[in-house]
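Architecture and fold: a report
Residue strings, one per chain:
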There are 2 protein chains.
Amino acid sequence: MDLALLLPAGMSVTPAMKERCPLRDTLDRIGDRWTVIVVVLLLPGPRRFTELMRGAEGISQRMLTHTLRGLERDGLLTRTVHATVPPKVEYDLTAPGRALAGPLTELLHWSVRHQESVLAARTAYDADV
Amino acid sequence: MDLALLLPAGMSVTPAMKERCPLRDTLDRIGDRWTVIVVVLLLPGPRRFTELMRGAEGISQRMLTHTLRGLERDGLLTRTVHATVPPKVEYDLTAPGRALAGPLTELLHWSVRHQESVLAARTAYDADV
DNA sequence: CAGAATCCTCCGGGATACTG
DNA sequence: CAGTATCCCGGAGGATTCTG
């Protein structure tokens, strides 16, 4: 796969990129069912576990924990435990995590700009067959 | 999930978006293992089935067919059969499909800009535990 | 409140064989 | 060349139960 067309001006494809494609890595990172939802929920500011639980409708405790761990592991958010009773844990995006807002915005723009044509194409395609 | 923060200037969250989140739709569309790879391979211009097969290293015939069908169904590429012997089939991105280059570029930029910090965070995190 | 542990299901996707 | 048709497996992710 040739990434040259997509690279920032003045940057070239390094050998490392051929080994481990950064675009695929990123899609693996945010391509799952919940990661993007959690990131978007955290954009306005820090949130607690239960708040995220309510915000990400349909998520299970297991997957929320799993998703948060993954983001924490990659340094995209911080996890702060307040030693109170009952416990209080706050999640907050780091700079890299919040920087995801840019690409996600682009993706959303593409979506709203083309979703009508996509839906139309899909309906037409299914009408045949 | 509140998408307002990510919307184009002057656009607001419609009821339809709450029903069927366009961001999630898009991630479902491109979040699988091969779609983005195929799209990137097609950016320079039309390609034949076997060319894509060679370009998308590791893909199976089954999945290439499946991926191409999905993109065709949504009107993101066209499939042109030349009635020759042996058969020749060309795939080409449509305007909406090619427009994915923008968001993908943003995603790639984010990736190259932050992959070092992500990798470092991951290593540090795993060193603990 | 914020999880950890366990069990189970579904399906994305690979391997292989066959064909117009 | 460009597929279709089967079979099959691993892992993402849900449901449930238990705890500091």
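Throughout this description, residue numbers start from 1 for each chain and increase along the sequence as written. Labels are handed out in written order, letters beginning with A for the chains and numbers beginning with 1 for the ligands. Restriction of local features to residues with pLDDT of at least 70 applies here, the model being predicted, together with a cutoff of 80 or more for giving and counting side-chain atom pairs; totals for whole chains, interfaces and linings are based on all residues. Only hydrogens and water are set aside when side-chain values are computed; all heavy atoms of the structure are taken into account.

Naming follows an unreviewed UniProt entry, where chain A appears as DNA-binding transcriptional regulator, HxlR family of Actinoplanes philippinensis.

Looking now at helix H5 (residues 61-73) of chain B. Residue and element names in this part refer to chain B. An ideal rise of 1.5 Å per residue puts 18 Å on 13 residues; H5 measures up with 18 Å between its terminal C-alpha atoms. Relative accessibility decides the category of a residue: with a 1.4 Å probe and only protein chains considered, values under 20% of the type maximum give buried, values over 50% give exposed, and everything between is partly exposed. Strands here mean DSSP runs of E at least two residues long; helices mean DSSP runs of H or I at least four residues long; both are numbered from the N terminus. Within H5, burial applies to Leu 64, Thr 67, Leu 68, Gly 70 and Leu 71. Viewed end-on, H5 has its buried residues packed into an arc of 160°, placing them on one side of the element. Seen from the open side of H5, the exposed residues pointing more than 90 degrees away from its buried face are Gln 61 and Arg 62. Multiplying 1.5 Å by the helix residue count minus one yields the expected span of that helix. Here the arc refers to the set of directions running from the helix axis out to each C-beta atom.

The next point concerns the pairing of strand E2 (residues 77-82) of chain A. Residues and elements named next belong to chain A. Relative to strand E3 (residues 88-93), E2 runs antiparallel, the two being bridged by six bridges. Bridge pairing links Val 81 to Val 89 in E3. Between E2 and E3, which follow one another and run antiparallel, lie five residues. Strand pairing is assigned whenever DSSP identifies at least 2 bridges connecting the two strands.

It is worth spelling out the protein's contact with DNA strand D at this point. Around DNA strand D, the surrounding shell holds 20 residues, and the nearest of these are Arg 62 of chain A together with Thr 50, Gln 61, Arg 79 and Tyr 91 of chain B. One of the side-chain N or O atoms of Arg 69 of chain B is found 3.1 Å from a phosphate oxygen in DNA strand D. Distance and chemistry together define a polar contact, namely a pair of N or O atoms within 3.5 Å, with one atom able to donate a hydrogen and the other to accept it when in protein, and with adjacent residues in sequence counting only for side-chain atoms on both sides. Contact distances for DNA strand D include 3.3 Å between a phosphate oxygen and a backbone N or O atom of Val 89 of chain B. Elements supplying a minimum of two residues to the surface near DNA strand D: helix H5 (61-73) of chain A together with helix H4 (49-55), H5 and strand E3 (88-93) of chain B. The dominant element in the surface near DNA strand D, judged by the number of residues it contributes, is H5 of chain B, at four residues. Partitioning the surface near DNA strand D into residue classes produces eight nonpolar, four polar and eight charged. Nearness here has a simple test: a residue counts as near a molecule or strand if at least one of its heavy atoms is within 4 Å of that partner. Residues are sorted three ways: Asp, Glu, Lys and Arg are charged, Ala, Val, Leu, Ile, Met, Phe, Trp, Tyr, Cys and Pro are nonpolar, and all the rest, Gly among them, are polar.

The next thing to look at is the nonpolar core. With 72 residues, the main nonpolar core has Leu 6, Leu 23 and Leu 104 of chain A together with Leu 6, Leu 23 and Leu 104 of chain B as its most contacted residues. Residue contacts follow a heavy-atom distance rule, with two residues in contact if any of their heavy atoms lie within 4.5 Å. Ignoring any residue separated from it by four or fewer positions in sequence, one finds Leu 23 of chain A in contact with Leu 3 and Leu 6 of chain A together with Val 36, Val 40, Leu 104, Leu 107, Leu 108 and Ser 111 of chain B. As used here, the term nonpolar core means buried Ala, Val, Leu, Ile, Met, Phe, Trp, Tyr and Cys residues forming a set that is joined through side-chain atoms within 4.5 Å.

Least-squares fitting of one copy onto the other uses the C-alpha atoms of those residues that reach a pLDDT of at least 70 in both copies. With an axial shift of 0.0 Å and an RMSD of 0.0 Å, the rotation relating chain B to chain A amounts to 180°. This pairing of chains is accounted for by a two-fold axis. Considering only C-alpha atoms, the part of chain B nearest the rotation axis is Gly 31 of chain B, at 2.3 Å. Mapped onto chain A, 100% of the interface residues of chain B again fall at the interface, so both copies present the same surface.

Further remarks concern the environment of Thr 26 of chain A. Secondary-structure assignment places Thr 26 of chain A in helix H2 (residues 22-30). Not counting residues up to four positions away in its chain, the partners in contact with Thr 26 of chain A are Leu 107, Trp 110 and Ser 111 of chain B. A polar contact is formed between the side chain of Thr 26 of chain A and the side chain of Ser 111 of chain B, at a distance of 3.0 Å.

With that settled, consider the sheet that holds E2 of chain A. Residue and element names in this part refer to chain A. Read from one edge to the other, the open sheet built from three strands follows the order E1-E3-E2, with strand pairing classed as antiparallel. Two strands lie at the open edges of the sheet, namely strand E1 (47-48) and E2, each paired on one side alone. Strands in contact with helix H3 (residues 35-42) are E1, E2 and E3; relative to E3, the strand with the most contacts, it is inclined by about 95°. The sheet contacts of H5 involve E2 and E3, and relative to E2 the element is tilted by about 115°. Axis definition: a line fitted to C-alpha atoms, limited for helices to the stretch in contact. Angles are taken between N-to-C directions and run from 0 to 180 degrees.

Taken together, 20 residues form the shell around DNA strand C, and within it Thr 50, Gln 61, Arg 79 and Tyr 91 of chain A together with Arg 62 of chain B come nearest. Close to the protein, within 4 Å, the atoms of DNA strand C are drawn from sugar and phosphate at a rate of 60%. A distance of 3.3 Å separates a phosphate oxygen of DNA strand C from a polar atom in the side chain of Arg 69 of chain A. Residue Trp 34 of chain B places a side-chain N or O atom 3.3 Å away from a phosphate oxygen belonging to DNA strand C. Looking at the surface near DNA strand C, the elements with two or more residues in it are helix H4 (49-55), H5 and E3 of chain A together with H5 of chain B. The dominant element in the surface near DNA strand C, judged by the number of residues it contributes, is H5 of chain A, at four residues. Its residues assigned to classes, the surface near DNA strand C comprises eight nonpolar, four polar and eight charged.

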